[in-house]
There are 4 protein chains.
Amino acid sequence: MSAGQQESQKVPRTERGRKTLRKLLDAAASEFGEHGFHEASISSITRRAGVALGSFYTYFDSKDAIFRALVQDMSEAVKVAARDAIEPDMRPLELERAALAGFLEFAAEHKEIYRIIDEAEFVDPRSYRDHYETIAERIRDRLRSGAEHGDFRDDIGEVEAWALMGMNVFLGLRYAIWRREGDPGSAEVAASANALLARGVAN
Amino acid sequence: MSAGQQESQKVPRTERGRKTLRKLLDAAASEFGEHGFHEASISSITRRAGVALGSFYTYFDSKDAIFRALVQDMSEAVKVAARDAIEPDMRPLELERAALAGFLEFAAEHKEIYRIIDEAEFVDPRSYRDHYETIAERIRDRLRSGAEHGDFRDDIGEVEAWALMGMNVFLGLRYAIWRREGDPGSAEVAASANALLARGVAN
Amino acid sequence: MSAGQQESQKVPRTERGRKTLRKLLDAAASEFGEHGFHEASISSITRRAGVALGSFYTYFDSKDAIFRALVQDMSEAVKVAARDAIEPDMRPLELERAALAGFLEFAAEHKEIYRIIDEAEFVDPRSYRDHYETIAERIRDRLRSGAEHGDFRDDIGEVEAWALMGMNVFLGLRYAIWRREGDPGSAEVAASANALLARGVAN
Amino acid sequence: MSAGQQESQKVPRTERGRKTLRKLLDAAASEFGEHGFHEASISSITRRAGVALGSFYTYFDSKDAIFRALVQDMSEAVKVAARDAIEPDMRPLELERAALAGFLEFAAEHKEIYRIIDEAEFVDPRSYRDHYETIAERIRDRLRSGAEHGDFRDDIGEVEAWALMGMNVFLGLRYAIWRREGDPGSAEVAASANALLARGVAN
DNA sequence: GATGAATGAGGATTCATTCAT
DNA sequence: TATGAATGAATCCTCATTCAT
């Protein structure tokens, strides 16, 4: 996971600096994941990272800046995870199934993404909205492409894209973040969701 | 919308007290909705409510306490809105459509619920989880009942309930909260979602 | 124990009022004794007394006022306890022994006096000083009278009075308030102190 | 007077930090001495110390923490003052006289100790009790040692130690803190008290 | 670059006291 | 008299950010 580079984040010139930057980013991911943005403190982050408080400002302009960097990181990582899970020659339906399964696996291993991305709604509404709109667009593109292949209905569009995204997000919440003993695995959940996507629930 | 009564919220014994409590709750809904929990301040709330700062503590033990009361309020209100939108003699599918349409209307008029409920994830994780788990259960019950009526497939369960809830929540986010010029109305969105729920997207 | 009457304390005209006043005074003694002046709250006092918050101000002008009334009460009670313990025909030395024994008994039963009188040092320095100066004077009078009787040395005066008072106060602290299992009883402590007073510790 | 180091007090790592800490401690001694714990405010302390409000929390966790540190300081200082006033080769009685005289001198110059130590009864009861119990033990040790030397009676013990401490404390209150024009000096007071201790008041 | 002390605005909370009923 | 709601001054404490070394 590499940090999104913005003006508010300085690029280190030495190897030592690069290491410090990485330590800060990792520490921030844990800290924000565990406590949320507002309860997290810069001093906790630097303590976790094992650097002095003042060093934080060598790399980031503000608490907001590192948070934004992290959101970009995570947002990017989520997309990469979904992309990595799919093969170019999969059929449209198969492709959605694989993307969801990949996302569920990823979420289970990075439980902090939900908290961090959700909190962006309050800390940096812009990236929050960007995050979901970008994903929705990507999904819509895939759905359209599926329609062009003749696998999906022709009349599906943005509404369906948002609906599908909502399904996936909430399945991740329930089966990755809030997973319970005895719950179906990622593959099964993805299969059920895929059936719903394909044929709906009507008898 | 009536306030959830907990230990941390004192029950007024006079009419004047009841009015003050209501003013505080309403002011808090706006304040939290506009600024989020952490940026909101008690003094802003009391200023909006037109009462003295100290009066806040006549009714609530803390900033957390009023937030919790509000989440319960909203959570309750969301359920009521969905319930009010449906008729007992509707067919299962029709019922889901009506519930979603009702929710979309409600969300459009109470845009603050998204922020408030979402922020509960950080301020009061317990009620956040409770909120979604309760709704999911309710949806699952409806789906099962639909299956018993023979309208829905027999094998649908919790996964489908969470998927459906996710659809609804994200459609609300996109078409109620982030509504744009030219977007389809609640009825149309609900109709599209209902089609997806019924038959899926496969051709 | 009857309340010291000052301007800041209103005299009740009805029987009902007299009862309320008494309840308030008793409640205040416990509250101040347990928590000290600053940690004590008027609302705790009225709650203990079983009356409404506002009723407090029917009887006292302020938190300070009830505290002062209480200090006077206690101060008076301490003197009464010592006086009650002595007989007019006791010899001077015997008299000091009896007064101390009486005080120790009294302190053991009213542990709150120490806290209340000590705290007067901060809340109402005037009565604090008055309290000890009055007692010291009384002791000095007794010592002089003993000297006139030929039982005590002629050269004893104020220094000895304060020294004796200090002895008594600290023996009360140690053997009444901080009493431990196996400690000597009031009579024994008083006897030892009396021996010290009479003959000193020299061999 | 060096600060008692507890967990709640951070140890400065630089010279500048050490100076700030000292300034805070000195300012606190004056502030608590003049106004007492509850009336004292952190902002007054930092103002006196000439540092920013926030700097207080660089060194102490809370108002209580600095108060506790101060009580330890004072408690230590009182003991040191008494110890410094005595010579190892003094006879037991002479030694008590010197210790008292030393204490009276010290108290006259540090009038705030009475308020601060007395207030510990309310703010930090533990150190209050510790303070007096430690001193009482020390006195008892001296008395016993005097008995072993054959200068004091064999039967004197804890009661006499507390009695002696009480004498000393109250003589300090009267002749150091509440000193009046024309009062006997420390040496005279100590001499009178010493006579009382040695031979009592009996004729 | 790194360090850690210094800064001060900001906000939650308490509670004695007043007041309308 | 009794009641309990209303008031708002007062103060502790947090923590992002700056700065001197």
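Every value quoted in this text rests on a predicted model; they were computed, and no experiment measured them. Numbering of residues starts from 1 in each chain and follows the order in which that chain's sequence is written. Chains carry letters from A onward and ligands carry numbers from 1 onward, assigned in written order. This being a predicted model, a pLDDT of at least 70 is required before a residue's local features are given, and a value of 80 or more before pairs of side-chain atoms are given or counted; all residues contribute to the totals for chains, interfaces and linings. Where side-chain values are given, they derive from all heavy atoms of the structure, hydrogens and water being excluded.

Some points on the protein's contact with DNA strand F
Throughout this document, a residue counts as near a molecule or strand when at least one of its heavy atoms sits within 4 Å of that molecule or strand. Taken together, the neighbourhood of DNA strand F is formed by 35 residues, with I42 of chain A together with T20, A52, G54 and Y59 of chain B sitting nearest. The protein-proximal atoms of DNA strand F, defined as those within 4 Å of the protein, are 72% sugar or phosphate. A 3.5 Å cut-off defines polar contacts: any pair of N or O atoms within that distance qualifies, except that in protein one atom must be a possible hydrogen donor and the other a possible acceptor, and neighbouring residues in sequence count only when both atoms are side-chain atoms. Residue G54 of chain B places a main-chain N or O atom 2.9 Å away from a base nitrogen belonging to DNA strand F. At a separation of 3.3 Å, a phosphate oxygen of DNA strand F approaches a polar side-chain atom of S55 of chain C. Counting from the N terminus, the helices are DSSP H or I runs at least four residues long and the strands are E runs at least two residues long. Broken down by secondary-structure element, the contributors of at least two residues to the surface near DNA strand F are α1 (15-39) of chain B, α1 (15-39) of chain C together with α3 (53-59) of chain D. All residues other than Ala, Val, Leu, Ile, Met, Phe, Trp, Tyr, Cys, Pro, Asp, Glu, Lys and Arg, Gly among them, are scored as polar; the first ten of these are nonpolar and the last four charged. In terms of residue class, the surface near DNA strand F is made up of 17 nonpolar, twelve polar and six charged.

Some remarks on the side chain of E96 of chain C
For E96 of chain C, the location among the structural elements is in helix α5 (residues 92-109). Two residues form a contact once any of their heavy atoms are found within 4.5 Å. Dropping the residues within four chain positions of it, E96 of chain C is found in contact with R142, L164, N194 and L197 of chain C.

As for the relation of the copies chain A and chain B
Laying chain A over chain B is done by rotating through 180° and shifting 0.0 Å along the axis; what remains is an RMSD of 0.2 Å. On this basis, the relationship between the two copies can be described by a two-fold rotation axis. A share of 98% of interface residues in chain A that are also interface residues in chain B marks the association as one of identical surfaces. All copies are superposed by least squares; the fitting set is the C-alpha atoms of residues with a pLDDT of at least 70 in both.

Regarding the UniProt feature "DNA-binding region" (unreviewed entry) in chain A
UniProt positions are given in the numbering used here, feature names are shortened, and annotations may be inferred rather than shown by experiment. In this structure's numbering, the residues bearing the UniProt feature "DNA-binding region" (unreviewed entry) are residues 41-60 of chain A. Secondary structure over residues 41-60 of chain A splits into 60% helix and 0% strand, and the C-alpha atoms at its two ends are 14 Å apart.

Points about the pattern of salt bridges
Residue and element names in this part refer to chain A. We define a salt bridge as a contact between a side-chain nitrogen of Lys or Arg and a carboxyl oxygen of Asp or Glu at a distance within 4 Å. Tallied over the entire structure, the rule returns 54 salt bridges over all chains. For E31, the salt bridge identified is with R48, shortest N-O distance 2.8 Å. Taken together, the positions of E31 in helix α1 (residues 15-39) and R48 in helix α2 (residues 42-49) put the pair 17 residues apart, joining distant regions of the chain. With relative accessibility at 2%, the residue E31 sits in the buried group. The class of R48 is partly exposed, set by a relative accessible area of 38%. Salt bridges sharing common partners tie together E31, E34 and R48. Only protein chains enter the accessibility calculation, which uses a 1.4 Å probe. A residue is then buried if its area is under 20% of the maximum for its type, exposed if over 50%, and partly exposed in between.

Topic: the interface of chain A and chain B
Each partner contributes residues to the interface: chain A has 47 residues there, and chain B has 46 residues. Between chain A and chain B, the buried area comes to about 4700 Å², and carbon and sulfur atoms account for 62% of it. Where chain A meets chain B, there are four salt bridges. Here R180 of chain B and E133 of chain A are joined by a salt bridge, their closest N and O atoms 2.9 Å apart. Remark: the boundary between chain A and chain B carries 21 residue pairs in polar contact (both at pLDDT 80 or more). Here the quantity called buried area is the accessible surface, traced with a 1.4 Å probe, that two parts lose on coming together, added over both.

Comments concerning the relation of the copies chain C and chain D
Least-squares fitting of chain C to chain D yields an RMSD of 0.2 Å, with the superposition described by an axial translation of 0.0 Å and a rotation of 180°. A symmetric contact is evident, with 100% of the interface residues of chain C recurring at the interface of chain D.

Considerations on the domain arrangement of chain A
All names here are of chain A. Taken domain by domain, chain A consists of domain 1 (15-65) and domain 2 (67-199). Reported domain spans reflect what an automatic or database domain assignment gives. For domain 1 and domain 2, the distance between their C-alpha centres works out to 29 Å. Across the boundary between the two partners, domain 1 contributes 14 residues, which contact nine residues of domain 2. Looking at the side of domain 1 facing domain 2, the largest losses of area belong to F32, F37 and D64, adding up to 39% of the total buried there. Joining domain 1 to domain 2, the criterion identifies zero salt bridges. Among the secondary structure elements, those contributing two or more residues to the side of domain 1 that touches domain 2 are α1 and α4 (63-85). Tallying contributions element by element places α1 first for the side of domain 1 that touches domain 2, with ten residues.

Quick look at the protein's contact with DNA strand E
Near DNA strand E you find 35 residues, and of these I42 of chain C together with T20, A52, G54 and Y59 of chain D are the closest. When atoms of DNA strand E within 4 Å of the protein are sorted by moiety, sugar and phosphate together comprise 71%. The separation between a phosphate oxygen of DNA strand E and a polar side-chain atom of T20 of chain D is 2.5 Å. Of all elements in the fold, only α1 of chain A together with α1 (15-39) and α3 of chain D reach the threshold of two or more residues within the surface near DNA strand E. Top element by residues in the surface near DNA strand E is α3 of chain D. It accounts for four residues. Looking at the surface near DNA strand E, its residues break down into 17 nonpolar, twelve polar and six charged.

Comments concerning the interface of chain C and chain D
With 47 residues of chain C in contact, the opposing surface of chain D contributes 47 residues. On the surface where chain C and chain D come into contact, there are four salt bridges. On the surface where chain C and chain D come into contact, there are 21 residue pairs in polar contact (both at pLDDT 80 or more). At the level of elements, α1, α6 (112-123), α7 (125-148), α8 (158-177) and α9 (186-199) of chain C are the ones that each hand at least two residues to the side of chain C that touches chain D. The leading source of residues in the side of chain C that touches chain D is α8 of chain C, at 14 residues. Of the residues belonging to the side of chain C that touches chain D, the class tally is 26 nonpolar, seven polar and 14 charged.

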